[in-house]
Amino acid sequence: MKTDKGLVRAKSRKGSADNKAAPAEKRTGRLSEPAACERCGAIFSRRVWRSDRRVTKALLDGITWTRCPACKQASAGEYWGRIVIRGGYALEQEEAIRKRIANVDARAQFTQPERRVVSAERNGAVFEVLTTSQKLAHRIVHELKKAFRGRAAYHWSDDGSLFAVWERD
Ligand SMILES: [Zn+2]
């Protein structure tokens, strides 16, 4: 970071009064390390967000508080995976399905906190799940099919987002 001209220029322009304050991300587009997400506690180090790292006191001393990409996405309502669950059997099993989804979500978040379920809502005969990542949506549908059988269909859009349907009558 010391050789980053953008950072040096931004600092000198802003003056020395707030050297320790504003997140470096805003000035340079690169987040200084270590950083932690103020919302979910994920730790950013060696350019990767992880939620399985412990926040030690040594780490806290120099930490930058920010929002991880998943929390930013979640609060903006952005998603790359959309799953529609339908069919009589599927809706009857809503609780079991929710548990299965929560399991897959928890496992994904442990190593890749940027992959998560944004919302899981039932509206009448349709149960809709939104995720920040198309890969997580794909994995959830794969797991639902494995656990409850039924039928799955996947449709990837040009922008890389996934729309998937899992159904069992
Ligand atoms: Zn977060």
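Please refer to the structure higher up on the page.
Residues numbered from 1 in each chain as written. Predicted model: local features only at pLDDT ≥ 70, side-chain atom pairs only at ≥ 80, totals over all residues. Heavy atoms only, no water.

> So what about the overall build of the protein chain? Which residues, and what values?
Secondary structure summary: the protein chain contains seven helices and nine strands in total. Among the 169 residues that make up the protein chain, the fraction classed as buried is 34%. A fraction of 56% describes how many contacts in the protein chain between residues 6 or more apart in sequence connect residues 24 or more apart. (Helix = DSSP H or I, 4+ residues; strand = E, 2+ residues; numbered from the N terminus. Buried < 20%, exposed > 50% of the residue type's maximum accessible area, 1.4 Å probe, protein only. Contact = heavy atoms within 4.5 Å.)

> Any details on the environment of alanine 36? Residues and values, ideally.
In this fold, alanine 36 is placed in strand E1 (residues 35–37). For alanine 36, a relative accessible area of 1% puts it in the buried group. The spatial distance from the C-alpha of alanine 36 to the C-alpha of isoleucine 63 is 6.7 Å, given a sequence separation of 27 residues. In contact with alanine 36, not counting residues within four places along its chain, are Ala42, Ile43, Trp49, Ile63, Thr64, Trp65 and Thr66.

> Could you give an account of the coordination of the zinc ion, with specific residues and numbers?
The zinc ion binds to the protein through Cys37 (SG), Cys40 (SG), Cys68 (SG) and Cys71 (SG); the donor distances cover 2.2 to 2.3 Å. Taken in sequence order, the residues that donate to the zinc ion follow the motif C-x2-C-x27-C-x2-C. By relative accessible area, which is 35% here, cysteine 40 ends up partly exposed. (Donors = N, O, S within 2.8 Å, 3.2 Å for Na, K, Ca; no water.)

> I'd like to hear about unusual backbone geometry, residue by residue, with values.
Both trends apply: most residues other than glycine have a negative phi, and most peptide bonds are in trans. Residue proline 34 follows glutamate 33 across a cis peptide bond; omega there is -5°. Position of proline 34 among the secondary structure elements: in the loop between helix H2 (24–28) and E1. Positive phi outside glycine occurs at arginine 47, with the angle close to 65°. On the secondary structure map, arginine 47 appears in the loop between strand E2 (43–45) and strand E3 (48–50). A positive phi angle, near 60°, is found at arginine 149, a position not held by glycine. Structurally, arginine 149 is set in the loop between helix H7 (134–148) and strand E8 (151–156). You can call arginine 149 exposed: its relative accessible area is 56%.

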